[in-house]
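# Observations on chain architecture
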Amino acid sequence: MKLHTLPIIFASLLLAPPLIADDSENRYNQVSFSVSSEAEIANDLLIITLKALEKGRELKKLADNINKTMAWALKEAGKYENIKTQTVNYQTQPSYSKGKQTGWQVSQSVLLKSTNTEDLSELMAKLQSRLQVQSATYEVTSDKKQQLEDQLTDQVLSRFSRKAESITQTLRRKTYKIVQINLSTSA
């Protein structure tokens, strides 16, 4: 679970300003306050990284094996329309023993992303026959974050309006004008 907040950091009201006023007078009629709103949001995007690794003496053969493994993994992943797939981090490194190069290590990873955890788990189980799981993490999709941010913006502006009205009535003023309002989000 992630906690997202959308506070209004600073809001100034100008209470019942005179028709003609200089700057010094306006400073005396200002009220500042803040309001905030927050909500919990569940992660909905599963991201899994799997790695193919080959070790040996013949670099070309190792690279060919990695390429074949990645082609197989991408073909398997292609069977799932709701899983985004991307190959990443191709690496070739020499192997050493007692200060001498004895061979090579070649690796490449595949990144899988989906909101359908059932299909992604099924694919991961298949791919583990030839690949190693490097990581599995959850995140919140940008669409879901935006929806929550929009809801929290509406909430916080409604709270702002109610508080501004309350302050105006308590101070026995007829109206208020917004001087400054700052909206910010923190995820």
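Right, let's walk through the structure included here. (Residues numbered from 1 in each chain as written. Predicted model: local features only at pLDDT ≥ 70, side-chain atom pairs only at ≥ 80, totals over all residues. Heavy atoms only, no water.)

Before going further, it helps to examine the packing of aromatic side chains. Summed over all chains, the structure comprises 1 aromatic pair. Note on phenylalanine 33 and phenylalanine 160: the rings are 5.2 Å apart at their centroids and 20 degrees apart in plane angle, and the pair reads as stacked. Of this pair, phenylalanine 33 sits in strand β2 (residues 30–41) while phenylalanine 160 sits in helix α4 (residues 142–170); the two residues are 127 residues apart in sequence, bridging distant segments of the chain. The pair formed by phenylalanine 33 and phenylalanine 160 is uniform in burial state, with each residue classed as buried. The side chain of arginine 130 reaches across the aromatic face of tryptophan 72, ending 4.6 Å from its centre. (Phe/Tyr/Trp six-rings, centres within 6.5 Å; stacked < 30°, edge-to-face > 60°. Helix = DSSP H or I, 4+ residues; strand = E, 2+ residues; numbered from the N terminus. Buried < 20%, exposed > 50% of the residue type's maximum accessible area, 1.4 Å probe, protein only. Lys NZ or Arg CZ within 6 Å of the ring centre and 35° of its normal.)

Judged by side-chain polarity, Leu157, Ile178, Ile181 and Leu183 come together as a nonpolar surface patch covering roughly 310 Å² of accessible area. Its location among the elements puts isoleucine 178 in strand β7 (residues 176–183). (Patch = residues over 30% accessible without salt bridge, like charges linked within 9 Å, V, L, I, M, F, W, Y side chains within 5 Å. Areas by Shrake-Rupley, 256 points an atom, 1.4 Å probe, with all protein chains shown as cover. Salt bridge = Lys/Arg side-chain N within 4 Å of Asp/Glu carboxyl O.)

Right, let's get into the side chain of serine 114. Along the polypeptide, serine 114 turns up in strand β5 (residues 100–114). Side-chain polar atoms of serine 114 contact the backbone oxygen of asparagine 82, separated by 2.8 Å. Beyond its immediate stretch of four places on either side in the chain, serine 114 contacts Asp44, Leu45, Leu46, Asn82, Ile83 and Leu120. (Polar contact = N/O pair within 3.5 Å; in protein donor to acceptor, adjacent residues only side chain to side chain. Contact = heavy atoms within 4.5 Å.)

This part takes up the pattern of salt bridges. A full pass over the atoms with the stated rule returns 2 salt bridges. The partner of glutamate 76 in a salt bridge is lysine 79, and the shortest N-O contact between them spans 3.1 Å.

With that settled, the discussion passes to unusual backbone geometry. Of note in this structure, lysine 98 is not a glycine but carries a positive phi near 55 degrees. Counting through the fold element by element, lysine 98 comes out in the loop between β4 (84–97) and β5. Residue lysine 98 is classed as exposed on the basis of its relative accessible area, which comes to 84%. With phi around 55 degrees, arginine 172 is a residue other than glycine that occupies positive phi space.

Interaxial distance between helix α2 (residues 59–77) and helix α3 (residues 117–127) falls to 10 Å at its minimum, and their mutual angle equals 155 degrees. With respect to each other, α2 and α3 are oriented roughly antiparallel. For the pair α2 and α3, the sense of crossing is right-handed. Where α2 approaches α3, its residues Trp72, Ala73, Glu76 and Ala77 are matched on the opposing element by Leu123, Lys126 and Leu127. Classifying every residue of the contact of α2 with α3 gives 5 nonpolar, no polar and 2 charged. (Axes fitted to C-alpha atoms, helices over the stretch in contact; angles between N-to-C directions. Parallel < 35°, antiparallel > 145°, perpendicular 65-115°, else oblique. Left-handed = near helix turned anticlockwise from the far one by under 90°. Nonpolar A, V, L, I, M, F, W, Y, C, P; charged D, E, K, R; others polar.)

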